[in-house]
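Coordinates in review
Here is how the chains run, residue by residue.
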Amino acid sequence: MSYDPQNIFARILRGEIPCKKAYEDAHVLAFHDIHPQAPTHVLVIPKGAYVSFDDFAAKGSDEEIAAFVRATGKIAREAGVAETGYRLLANIGPDSHQEVPHFHVHIVGGRSLGPLLVKS
Ligand code: AMP
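Below or above, wherever it landed, is the structure these notes cover. What you see is a predicted model; the values in this text were computed from it and never measured.

This brings us to the sheet that holds strand 4 (residues 86-89). Read across the sheet, five strands follow the order 1-2-3-5-4 without closing on themselves; strand pairing throughout is antiparallel. If you trace the sheet from one side to the other, it starts and ends with strand 1 (21-24) and strand 4, each paired once. Direction aside, neighbouring strands of the sheet carry axes that sit 20 degrees apart on average. Pairing between strand 4 and strand 5 (residues 105-109): four bridges, direction antiparallel. Along strand 5, the bridge assignment pairs Leu88 with Ile107. Packed on one face of the sheet, helix 3 (residues 62-79) meets strand 1, strand 2 (28-32), strand 3 (40-46), strand 4 and strand 5 and runs near 165 degrees to strand 3.

The structure is reproduced here in structure tokens:
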């Protein structure tokens, strides 16, 4: 899948669409999901143009990848879910029903989350 610069997260990164920001540094932006599935539901995205986890893992620089991992942990701690627990979730491609083709991790927590997968 090639990167579509018109995807909604690219537009948020360019400031064309507002977001409720949770965190930002040179390589990472995090914001609250517009349709939260739990009391804490934050999306963490790299600022670079990566479609998926495997795209980011293959093409992201060591600095970008380290920044992303460290920011995700920091955001979870600052959201107050590190003690009670939380789930990191990344949808990739059609079988996972990825809606937005810009790599992102969901941080979901603040309540008991139930089983990992729902039977379809
Ligand atoms: P995914 O299925 O993993 O691609 O999830 C995309 C997520 O982006 C969904 O949980 C949406 O609710 C969320 N989302 C879509 N548009 C926005 C937006 N403008 N601001 C914040 N979250 C959004």
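What follows is about the nonpolar core. Ranked by size, the top nonpolar core spans 16 residues in total, and within it Val28, Val44, Phe68 and Ile75 carry the most contacts. When residues of this core are assigned to their parent elements, the largest contribution, five residues, is made by helix 3. Excluding its chain neighbours within four sequence positions, the residues that come into contact with Ile75 are Tyr23, Ala30, Val42, Val44 and Ile107. Core analysis: the second largest hydrophobic core is formed by seven residues, Phe9, Leu43, Ile45 and Val100 among them.

Rules of the game
Residues numbered from 1 in each chain as written. Predicted model: local features only at pLDDT ≥ 70, side-chain atom pairs only at ≥ 80, totals over all residues. Heavy atoms only, no water. Pairing = 2+ DSSP bridges. Helix = DSSP H or I, 4+ residues; strand = E, 2+ residues; numbered from the N terminus. Axes fitted to C-alpha atoms, helices over the stretch in contact; angles between N-to-C directions. Contact = heavy atoms within 4.5 Å. Core = buried A, V, L, I, M, F, W, Y, C linked by side-chain atoms within 4.5 Å. Buried < 20%, exposed > 50% of the residue type's maximum accessible area, 1.4 Å probe, protein only.

Note that all results are geometric; they support no functional claim without further evidence.
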